[in-house]
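Coordinates in review
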Amino acid sequence: MTTPRNRMARTGTFLAFAVQGLCFATLLTQVAAIKGKHGLDEGELTLLLLIVPVLAGLGSVGAGVLAARMGSKRLLRLAQPVVAAAVVLAGFAPNVPVLLVALLVFGLGVGAVDAGMNMQGVAVERRYGRPVLNGFHCVWSVAGLAGALWAAALATTLNLSLTMALPMILAVAGSLIAGPLLCTPEEEKTSEPATKATGRFPWKPIIPLCLAMAFLYVGDAAVSNFSTVYMQDVLAASASVVPLAYAAYQATTLLVRLAGDVAVRRYGPAAIVRIGGAIAALGFAGVVLAPSQPVAVIAFGLTGVGLSVVAPQSFSAAGRLDPAGTGVAIARVNLFNYVGFIVGAALVGGLAEAVNMQVAFAAPLVLAAAIVALAPGFAPKPAVLR
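The text that follows walks through the structure, step by step, so that each part is easy to find. (Residues numbered from 1 in each chain as written. Predicted model: local features only at pLDDT ≥ 70, side-chain atom pairs only at ≥ 80, totals over all residues. Heavy atoms only, no water.)

Attention now goes to the side chain of threonine 253. Looking at the element boundaries, threonine 253 is found in helix 10 (residues 244–267). Judged by its relative accessible area of 7%, threonine 253 is buried. A polar contact is formed between the side chain of threonine 253 and the backbone oxygen of tyrosine 249, at a distance of 2.8 Å. (Helix = DSSP H or I, 4+ residues; strand = E, 2+ residues; numbered from the N terminus. Buried < 20%, exposed > 50% of the residue type's maximum accessible area, 1.4 Å probe, protein only. Polar contact = N/O pair within 3.5 Å; in protein donor to acceptor, adjacent residues only side chain to side chain.)

Okay, here's the thing in structure tokens:
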């Protein structure tokens, strides 16, 4: 229900998502600049970047254990400033060893914050008694877009260190403001028996959610890493047209998330995920078969429409399967975010090298279609754990 305290917790969670989106975008938009600063080749850069999702997976697992003991509020208040500091360190790093340390810390922190902020989101959703999680992910997208625009606007004005450090002042400030507003461990818990909060949690009910999350991020990795390559190499797009594919993906992701909670309230999470998987598969089919640049841009936009609904509903369903509010289920589902991203980059990149880029996009097509079959798992009944 809507109460002053619940509105405060919702505001704090909005801020936590915004800070994470800003931190993530600030680092990722400077990858090319970091590569040039340290003279890295493609292989060295790839190895360094793989550190982030691998360590983020470990951070997510650790977050599940820690949150079950001390709550996600304290976890976020500790981890979010660390993530911001790691971004600053990456910008100022004078050499590769220091950059490596920054990426190690960033990866662990990002995993912990991703899990913790979604635990807070699910706690707020539970207290409101209606779907609100899409709104938090929408704010993440808005902050990420703002971070990217900041980097683009000041690329030729500020040096790398300041370009990365200045947004982190806002990030730390947002984290400090959000901290006192977040749900306390007592507010995250429910009246379920305390034995449910031991951290022991069955895998079987959350397997469909984990798989859907992994398949989503295979598709996301394909678009994030290879949409520009596809536009340039397959469709011979000009420099001004090449970024439009990824821009379409991000724009439709944001637009759908703006209305996502309303759609879930009306049609239910399973139906929304089923429709989303079908639309994403259609989008990837359009990418594989696109005869022209406009068709490809529209197809990439469709993938954003379909994939954007999966992550918020995965976390929401995980929260319903964990009525005691331990956060263990959410942390486990979040782990497959990074599994999917790693697999997606390797799978699509490998197929592109072995065959061609169009065939490579058939892999996320198949996995997006598989999300349709997993949709019933998004309407779980907590009773299965009793």
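Here the narrative resumes.
Quick look at the layout of surface pockets now. Estimates place the volume of the second largest pocket at around 200 Å³. Glu125, Arg126, Ser316, Gly319 and Arg320 are, among the 14 residues lining the second largest pocket, the residues nearest its centre. Of all elements in the fold, only helix 5 (96–128) and helix 13 (310–320) reach the threshold of two or more residues within the lining of the second largest pocket. When residues of the lining of the second largest pocket are assigned to their parent elements, the largest contribution, four residues, is made by helix 13. The class makeup of the residues in the lining of the second largest pocket is five nonpolar, five polar and four charged. (1 Å grid on protein atoms, 1.4 Å probe; cavity = no way out; pocket = protein on both sides within 12 Å on 5 of 7 lines; lining within 4 Å. Points joined across faces, edges and corners; volume = space filled by probe spheres on them. Nonpolar A, V, L, I, M, F, W, Y, C, P; charged D, E, K, R; others polar.)

As a further point, take the environment of serine 308. By the element assignment, serine 308 lies in the loop between helix 12 (293–307) and helix 13. Owing to a relative accessible area of 2%, serine 308 belongs among the buried residues under this scheme. Sequence separation between serine 308 and asparagine 334 is 26 residues, and the spatial gap between their C-alpha atoms is 15 Å. Among residues more than four places away in sequence, those in contact with serine 308 are Asn134, Thr253, Val256 and Arg257. (Contact = heavy atoms within 4.5 Å.)

Moving on, we get to empty space enclosed by the protein. Under the defined criterion, the tally for this structure stands at one cavity of 30 Å³ or more. The volume enclosed by the largest cavity comes to roughly 70 Å³. In terms of lining residues, the largest cavity is bounded by Met119, Val122, Ala123, Arg126, Glu188, Gly319, Asp322, Gly325, Thr326, Gly327 and Ile330. Here the residues of the lining of the largest cavity sort into four nonpolar, four polar and three charged.

Counted by the stated rule, this structure contains one salt bridge. Glutamate 187 is the partner of arginine 5 in a salt bridge, and the nearest nitrogen-oxygen pair spans 2.9 Å. Residue arginine 5 is located in helix 1 (residues 4–28), and its partner glutamate 187 is located in helix 8 (residues 185–188); the two are separated by 182 residues in the primary sequence. (Salt bridge = Lys/Arg side-chain N within 4 Å of Asp/Glu carboxyl O.)

So, on to the side chain of threonine 303. Examined against the element boundaries, threonine 303 turns out to sit in helix 12. The exposure class of threonine 303 is buried, given its relative accessible area of 0%. With near-sequence residues (within four places) excluded, threonine 303 lies in contact with Val223, Tyr249, Ala280, Gly283 and Phe284.

What follows concerns the packing of helix 2 (residues 31–38) against helix 7 (residues 160–178). Where helix 2 meets helix 7, the closest approach of the two axes is 11 Å, and the angle between their N-to-C directions is 140 degrees. Viewed along their axes, helix 2 and helix 7 adopt a mutual orientation that is oblique. Taken as a pair, helix 2 and helix 7 cross one another with a handedness that is left-handed. Facing Ala33, Ile34 and Lys37 of helix 2, the residues of helix 7 in contact are Leu160, Ser161 and Met164. When grouped by side-chain class, the residues that make up the contact of helix 2 with helix 7 number four nonpolar, one polar and one charged. (Axes fitted to C-alpha atoms, helices over the stretch in contact; angles between N-to-C directions. Parallel < 35°, antiparallel > 145°, perpendicular 65-115°, else oblique. Left-handed = near helix turned anticlockwise from the far one by under 90°.)

Time to look at helix 7. Its 19 residues place the ends of helix 7 28 Å apart at the C-alpha level, agreeing with the 27 Å of an ideal helix rising 1.5 Å per residue. Along helix 7, the residues that are buried comprise Leu160, Ser161, Thr163, Met164, Ala165, Pro167, Met168, Ala171, Gly174, Ser175 and Ala178. (Expected span 1.5 Å × (residues − 1).)

The end-to-end C-alpha distance of helix 6 (residues 133–153) is 31 Å, a good match for the 30 Å that 21 residues give at a rise of 1.5 Å each. When helix 6 is considered as a whole, its buried residues turn out to be Leu133, Asn134, Gly135, Phe136, His137, Cys138, Ser141, Ala143, Gly144, Gly147 and Ala151. The inward-facing, buried residues of helix 6 abut helix 1, helix 5, helix 7, helix 10 and helix 13.

One finds Tyr230, Met231 and Phe361 to be the most contacted residues of the largest nonpolar core, which totals 115 residues. For tyrosine 230, the contacting residues outside a window of four places in its chain are Leu235, Val287, Ala290, Ala296, Phe300, Met357, Gln358 and Phe361. (Core = buried A, V, L, I, M, F, W, Y, C linked by side-chain atoms within 4.5 Å.)

Let us now look at a nonpolar patch on the surface. Taken together, the side chains of Val82, Leu89, Leu100, Val101, Leu104 and Val105 define a hydrophobic patch exposed on the protein surface, amounting to about 390 Å² of accessible area. Among the secondary structure elements, those contributing two or more residues to the nonpolar patch are helix 4 (72–92) and helix 5. Among the elements that make up the nonpolar patch, the one with the highest residue count is helix 5 (four residues). Relative to the elements of secondary structure, valine 82 occurs in helix 4. (Patch = residues over 30% accessible without salt bridge, like charges linked within 9 Å, V, L, I, M, F, W, Y side chains within 5 Å. Areas by Shrake-Rupley, 256 points an atom, 1.4 Å probe, with all protein chains shown as cover.)

Here the focus is the packing of helix 5 against helix 14 (residues 328–354). Each packed pair of helices is defined by two parameters, the angle between the axes and the distance between the axes. For the pair helix 5 and helix 14, the least separation of the axes is 9 Å and the interaxial angle reads 135 degrees. With respect to each other, helix 5 and helix 14 are oriented oblique. For the pair helix 5 and helix 14, the sense of crossing is right-handed. Residue-level inspection shows Val110, Gly111, Asp114, Ala115, Asn118, Met119 and Val122 of helix 5 in contact with helix 14, the latter providing Ile330, Ala331, Asn334, Asn337 and Tyr338. Residue classes in the contact of helix 5 with helix 14 are distributed as seven nonpolar, four polar and one charged.

Purely geometric stuff here, so don't read any function into it on its own.
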